[in-house]
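Observations on the three-dimensional arrangement
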Amino acid sequence: MAEPLIKKKESLYLRALKQWQKAADIIDLDYSVRTILSQPKNEIVIHFPVKMDSGEMRLYSGYRIQHNNILGPYKGGIRYHPQVDRDEVKALAAWMTFKCALVDIPFGGAKGGVTVNPAELTENELMRLTRRFTHALGSNIGPDYDIPAPDVGTNARTMVWMMDTFMNAQTAIQRNSQRHVVTGKTLTCGGSLGREKATGQGLVFVLRSWADENNVSLSDMKFAIQGFGNVGSNSALLLEKRGAKIVALQDENATLYNEQGIDCQALSKYVDEHRTIAGFPGAEVVNKSEFFALPVDAIIPAALENQINKDTAKQIKARVIIEAANGPTTEDADIILKDKGIVVIPDILANVGGVSVSFFEWVQNKTSAQWSLQEVDHKLGNKMRQAFHRTLEEAKAHNVDLRTAAYIVALKKIQTAYQERGIFP
Ligand code: GLU
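For the structure given in this document, a descriptive report is provided here.

What counts, and at which threshold
- Residues numbered from 1 in each chain as written.
- Predicted model: local features only at pLDDT ≥ 70, side-chain atom pairs only at ≥ 80, totals over all residues.
- Heavy atoms only, no water.
- Helix = DSSP H or I, 4+ residues; strand = E, 2+ residues; numbered from the N terminus.
- Phe/Tyr/Trp six-rings, centres within 6.5 Å; stacked < 30°, edge-to-face > 60°.
- Buried < 20%, exposed > 50% of the residue type's maximum accessible area, 1.4 Å probe, protein only.
- Axes fitted to C-alpha atoms, helices over the stretch in contact; angles between N-to-C directions.
- Parallel < 35°, antiparallel > 145°, perpendicular 65-115°, else oblique.
- Left-handed = near helix turned anticlockwise from the far one by under 90°.
- Contact = heavy atoms within 4.5 Å.
- Nonpolar A, V, L, I, M, F, W, Y, C, P; charged D, E, K, R; others polar.
- Pairing = 2+ DSSP bridges.
- Right-handed = clockwise from strand over helix to strand, strands pointing away.
- Polar contact = N/O pair within 3.5 Å; in protein donor to acceptor, adjacent residues only side chain to side chain.

This part covers unusual backbone geometry. Between Phe-424 and Pro-425 the backbone carries a cis peptide bond, its omega angle lying at 5°. Here Pro-425 is to be found in the segment after α15 (402–421). We note that Asp-28 has phi near 50°; this positive angle belongs to a residue other than glycine. Position of Asp-28 among the secondary structure elements: in the loop between α1 (12–27) and α2 (31–37).

In structure tokens, the structure reads:
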């Protein structure tokens, strides 16, 4: 039979659904909870115009998907990327529900995004896009209702524009108490110390717990990291500080390899200037397709979804994969990795440091406090270690992989909340 002309993309939401339903089967999750979680509560789709610097008007599509709020206000990032679509945002929103439940913070799950390549827009165009999108979201977001944060393609500056737009729409007496409508802000505008590096920092805390459990030392390990954005670069710098060697790095323009370890401090300065790792002199350039086959102990996918698929999974020689990105491993790759005895520290555990410090920022804003970096890191370390050990316990109790175990922890908590509260009316 001929190949269909348009190949249907695998649904990311379906993957998320299958992942948690596997855990739901194991613990025999209540039918009602299973049904509620199978669809998001609200799906907001907005098509909005933005005026470009040239005077031209362009129509953009934006999404905010609110998956679940049984444990607290909806929470999750806003992504600016050309691949953003409703299915992707739905999956990312569901993952936020499980992340917040797993790490035990009083938030539900949501995610947002705009289908746009931010690199093609000027600063002013990005500001107008952000403000118009925020305005269109209106009261669908709010400091005790739904709290956005940065994600791929957005940052502290984007969050400050969102905050300012939201605050300007409030009455004068309410305005100044609404800063926590978003997290991941700049320090001057109410951000938290340690939020910028939080996802990478959290990942390193989890990895340390795993290493302790397996009697390995991070300083003896060689890493390959895919992506050198916020999460990839912070993970690299923090691991380098602990004596680990980052021998391979990949971004959309280049794949670099240096058996002796790449100097990530120097690379980070290089990337600040050149916006890519391509052309960095301290490593050799290797073919893109060789990345996953390189001789390393650990791989950190810190870019987009679906990078570890049935083809790349077969090439992997590493002992452990730490999922910094959301959804980097496909379903068939998961099976291949399991057969090869490769441990996967799943996204909903590995990258939960970001939303954890977002919670700390939200608490600081609500109490007009400013915690020290030491305090933030200390609290984050505790959260990550607890989440890791809760996951490990379930993995042992049910003889399942860490991904399924992490969902078991999260689902049990969500189920308890539904049992205690009941279903309205
Ligand atoms: N976008 C990040 C994530 O996927 C952070 C979300 C947040 O801080 O709310 O976890």
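Scanning the model with the defined rule gives 12 aromatic pairs in all. Both rings, one in Phe-48 and one in Tyr-60, keep their centres 6.3 Å apart while their planes meet at 35°; by these two values the pair is tilted. Within this pair, whereas Phe-48 is found in strand β1 (residues 42–51), its partner Tyr-60 is found in strand β2 (residues 57–68), the two being separated by 12 residues in sequence. A single burial state applies to Phe-48 and to Tyr-60, both of which are buried. Note on Phe-360 and Trp-371: the rings are 5.7 Å apart at their centroids and 45° apart in plane angle, and the pair reads as tilted. Pair noted here: Phe-360 is in helix α13 (residues 353–366) and Trp-371 is in the loop between α13 and α14 (373–398), with a separation of 11 residues, a long-range link.

Okay, the packing of helix α7 (residues 198–213) against α14 next. Packed helix pairs are specified by the crossing angle of their axes together with the interaxial distance, meaning the distance between the axes. The geometry of α7 relative to α14 is characterised by a closest axis approach of 9 Å and an angle of 45° between their N-to-C directions. Classified by the angle their axes make, α7 and α14 are oblique. Handedness of the α7/α14 crossing: right-handed. In contact with Ala-198, Gln-201, Gly-202, Phe-205, Val-206, Ser-209, Trp-210 and Glu-213 of α7, α14 contributes Asp-377, Leu-380, Gly-381, Met-384, Arg-385, Phe-388, His-389, Leu-392 and Lys-396.

With that out of the way, let us pick up the packing of α1 against helix α3 (residues 86–102). Running from amino to carboxyl end, α1 crosses α3 at an angle of 25°, the nearest separation of the two axes being 7 Å. On the basis of their axis angle, the class for α1 and α3 is roughly parallel. From α1, Leu-12, Tyr-13, Ala-16, Gln-19 and Trp-20 reach across to α3, where they touch Asp-87, Glu-88, Lys-90, Ala-91, Ala-94, Trp-95 and Phe-98. Of the residues that constitute the contact of α1 with α3, the class distribution is 8 nonpolar, 1 polar and 3 charged.

Below, the discussion takes up the pairing of strand β7 (residues 245–250). With 5 of its 6 residues buried, β7 lies for the most part within the structure. Looking at chain direction, strand β6 (residues 222–226) and β7 are connected through 5 bridges and run parallel. Bridge assignment links Ile-225 to a residue of β7, and that residue is Leu-249. Crossover connection from β6 via helix α8 (residues 230–241) to parallel β7: handedness right-handed. Note: β7 against strand β8 (residues 255–257), 3 bridges, orientation antiparallel. Looking across to β8, one finds that Leu-249 is bridged to Leu-256.

Turning to the side chain of Asn-326, a few remarks are in order. Along the chain, Asn-326 falls in the loop between β11 (320–322) and α11 (331–339). Side-chain polar atoms of Asn-326 contact the side chain of Lys-99, separated by 3.0 Å. At a separation of 2.9 Å, a polar atom in the side chain of Asn-326 contacts the side chain of Asn-351. Excluding residues that lie within four positions of it along the chain, Asn-326 makes contacts with Arg-79, Leu-92, Trp-95, Lys-99, Lys-111, Asp-151, Glu-305, Asp-347 and Asn-351.

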